[in-house]
Amino acid sequence: MDRIEPVFETLFDVIPFGIYIVDVETYEIVYINRVMQQRVGEPNGSKCWQAIYRQNSPCLHCPIQDILSRESNALNESVVLELFSDVDDCWYQLQEKIISWPDGRKVKYSIAVDISELKGMQNELSEAHAELSLAHRELERTAVTDVLTKIYNRAKLDQVLRDENQRKNRYSTPLSLILLDIDRFKSVNDTHGHMVGDSVLMETADIMRKHIRNTDTLGRWGGEEFLIICPNTDLENAKIVAEKLRSALDDHIFDVVESCTGSFGVALFGAEEDSESVLRRADEALYRAKERGRNRVEVSF
Amino acid sequence: MKALKIMVVDDSIITVEKISAMLENMGHTVVSTAKTGSEALTKYPEVKPDLMTMDITMPELDGIETTKQIISIDPSALIVMVTSQGQERMVMDSLDAGAKGYVLKPIKPDKLQLILEQIVDKYT
C-alpha cells in the first residue's frame, strides 16, 4: 500500500464510515481507513474484490467500467448505490467517485454507510407488499376457478362470453359454443357414490383441457355440464373440435367407472344474437344428441 | 419435516457457504452447488434435488431466467429465490417464472426454515 499523508490518514480514520480507495486500472487498494479495515478483517489479497468483497473477480455491482466508459465529465461525479455485503451480512450505501490521485493515477474512492437497519424495515415493507400481491393474485384466481375441476367457473365463462360476443360483433368473426354433458352421470353417482362422481368430473375436465385449442376457453357450466367457447370458429370447425373431444372422452379409461362418454351440442352465434339464445340452441342440440343415443355431437343450424 | 436434498445456486461463495451451513444445521443435505445459472441447468438433471435455492442476481443467466428454464424442463421443481433486492417486483417476477417462494438477505435461519416447510407442505 502506498504511503499517504499522515494528516489525511488521521482525518479519514476519525470519520465513522468505512472508506477505501482503489486504483481504477488494477483494482489495487490504495488506501483503506480503520473502520473499513475492522469491517473486512485480515485482507486475503490486495485488490478490492478480493480483500473487501471476497470475490474471485471484480464485483457485479462495480461501477468503475461504467464510469470510465462515459464521457470525461463523468469523472468527479458521485455514484450512489446500495449493496448487500455477504461478508458481514450488512447493507451499505456506497458513495463512489473517480478522482485523480496526487501521483497522477485515477482512483475511485468509496464511502460505505451501514444502512442495515433502514434496509431491514424496507425489506419488511416489501415483504408485506409481496404478500399482498400474492394474496390478491390468489383471490383473483379463486374468483374465476371452479373449486373441484380447477377449470374456469360459470362467472368467468359469462365474462368471456360477453367479451367474445362484443369482439365478434366488432370484427365480424365467427364465434361458436360447444356444450358438453357427461352421459349417465347420475347413475355414476348412484352406483359408485359422489367421490367417484367427482373424480369423473375432474378427469373429464383434464381431458377437455388437453384437447381444446389454446384459443378456446373451457369451463364448468354447472353440474356435469361443460362449456367450450371457440372464438374465430365457424360451425364446421366447431363440430370438428367437438368430435375430437367426444372421441378423446370415449377413448379415455376412467378410474373405477372405466368407461364414460359425453353428448355434445354445437351452435354458432348468429348476427346480433345474444349468448342466452345461442346457449339455448346449443342445449337443444345437446338434448338431440342424448335422444339419438348419447356419445354424439349434434349441431344447431 | 423430512430431510431434503438441496442444490444451492449462488455466484457468491460466501453465500453458498452460509446457506449450506444453515441447511445442514436444519438436517438437510446440500447435494450440489452451482456458481452460475448455466452450471445449475447442466447439473439439475443429474442431481435431481428435492429443492433448490436460487440467487436472483447472477452474471449472464440471472436467477429468474434460470428458474424459467428449469421449470420448463421440470414443472414440479421446487425453487426458493434468494434475493438481496428487497423489491416486490423482482420477487413477483421470480414467482411468475415458477419459483415457489423467496427469502431476503440477510437470510434468517428461522425464515428459511419456515419457507421450506411451507413449500414442502403445499407442493409435496
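See above for the structure.
Since this is a predicted model, take the numbers as computed values, not measurements. (Residues numbered from 1 in each chain as written. Chains lettered and ligands numbered in written order. Predicted model: local features only at pLDDT ≥ 70, side-chain atom pairs only at ≥ 80, totals over all residues. Heavy atoms only, no water.)

Draft legend 1. Quick look at the overall build of chain A. Helix and strand content of chain A: ten helices and ten strands. Within the span of chain A, comprising 301 residues, buried residues form 46% of the whole. Counting contacts in chain A only where the partners sit at least 6 residues apart, residues at least 24 apart contribute 55% of the total. Surface summary for chain A: the accessible area is close to 16,400 Å², and the carbon and sulfur share equals 51%. (Helix = DSSP H or I, 4+ residues; strand = E, 2+ residues; numbered from the N terminus. Buried < 20%, exposed > 50% of the residue type's maximum accessible area, 1.4 Å probe, protein only. Contact = heavy atoms within 4.5 Å. Areas by Shrake-Rupley, 256 points an atom, 1.4 Å probe, with all protein chains shown as cover.)

Draft legend 2. Broad picture of the side chain of A:E273. Residues and elements named next belong to chain A. Mapped onto the secondary structure, E273 falls in the loop between β9 (262–268) and α10 (275–291). A distance of 2.4 Å separates polar atoms of two side chains, one belonging to E273 and the other to S277. Beyond its immediate chain neighbours, meaning those up to four positions away, E273 contacts N165, L268, V278 and R281. (Polar contact = N/O pair within 3.5 Å; in protein donor to acceptor, adjacent residues only side chain to side chain.)

Draft legend 3. A look at unusual backbone geometry. Residue B:P106 is reached from B:K105 by a cis peptide bond, and omega for that bond is 0°. The phi dihedral of A:K150 is positive, around 65°, even though this residue is not glycine. By secondary structure assignment, the location of A:K150 is in the loop between α5 (116–144) and α6 (154–171). Of note in the backbone geometry, A:V256 takes a positive phi value of approximately 65° without being a glycine. Looking at the element boundaries, A:V256 is found in the loop between α9 (235–251) and β9. A:V256 sits in the exposed class, given a relative accessible area of 56%.

Draft legend 4. Here's a closer look at helix α5 (residues 109–123) of chain B. Residues and elements named next belong to chain B. Between the first and last C-alpha of α5 there are 21 Å, a value that for 15 residues agrees with the 21 Å anticipated at 1.5 Å per step. Listed in full, the buried residues belonging to α5 are L112, I115, L116, I119 and V120. Axial view of α5: buried residues confined to an arc of 130°, hence all on one face. In α5, the exposed positions angled more than 90 degrees off the buried face are occupied by D110, D121 and K122. If you follow the buried residues of α5, they end up packed against β1 (5–9), α1 (13–25), β3 (51–55), β4 (79–83) and β5 (101–104). (Expected span 1.5 Å × (residues − 1). Arc of directions from axis to C-beta.)

Draft legend 5. How the structure looks around the sheet that holds strand β1 (residues 18–23) of chain A. All names here are of chain A. Spatially, the five strands line up as an open sheet ordered β2-β1-β5-β4-β3, and their pairing is antiparallel. Each of the sheet's edge strands pairs with one partner strand only, and the pair in question is β2 (29–32) and β3 (79–85). Taken pair by pair, the neighbouring strands of this sheet meet at an average axis angle of 25°, ignoring direction. Of the pairings in the sheet, the one linking β3 to strand β4 (residues 90–100) comprises seven bridges and is antiparallel in character. (Pairing = 2+ DSSP bridges. Axes fitted to C-alpha atoms, helices over the stretch in contact; angles between N-to-C directions.)

Draft legend 6. Here's a closer look at the interface of chain B and chain A. Listed per partner, the contact involves 22 residues of chain B and 20 residues of chain A. Here chain B is connected to chain A by three salt bridges. For A:E127, the salt bridge goes to B:K111, with nearest N and O atoms at 3.5 Å. At the level of secondary structure, the elements contributing two or more residues to the side of chain B that touches chain A comprise α1, α4 (88–97) and β5 of chain B. (Salt bridge = Lys/Arg side-chain N within 4 Å of Asp/Glu carboxyl O.)

Draft legend 7. Looking closely at the pairing of strand β8 (residues 225–231) of chain A. Residues and elements named next belong to chain A. Most of β8 sits out of view: seven of its seven residues are buried. The alternating pattern of β8 places E225, L227, I229 and P231 on one face and F226, I228 and C230 on the opposite face, and all of these are buried. Here seven bridges tie strand β6 (residues 175–182) to β8, and the two strands are oriented antiparallel to one another. What sits directly across from S176, in β8, is C230.

Draft legend 8. The arrangement of the pattern of salt bridges in detail. All names here are of chain A. Per the counting criterion, the structure on display carries 27 salt bridges over all chains. Of the charged contacts in the structure, one is a salt bridge between R292 and E298, with a shortest N-O distance of 3.1 Å. The network of salt bridges with shared partners includes R288, R292, R296 and E298.

Draft legend 9. Broad picture of the packing of α5(A) against α4(B). Packing of α5(A) against α4(B) leaves a shortest axis separation of 9 Å and a crossing angle of 40°. In terms of their interaxial angle, α5(A) and α4(B) are classed as oblique. The chirality of how α5(A) crosses α4(B) is right-handed. Side by side, α5(A) and α4(B) meet where A:S126, A:H129, A:A130, A:S133, A:L134 and A:R137 of the first sit next to B:E88, B:V91, B:M92, B:L95 and B:D96 of the second. For the contact of α5(A) with α4(B), a count of residues per class yields five nonpolar, three polar and three charged. (Parallel < 35°, antiparallel > 145°, perpendicular 65-115°, else oblique. Left-handed = near helix turned anticlockwise from the far one by under 90°. Nonpolar A, V, L, I, M, F, W, Y, C, P; charged D, E, K, R; others polar.)

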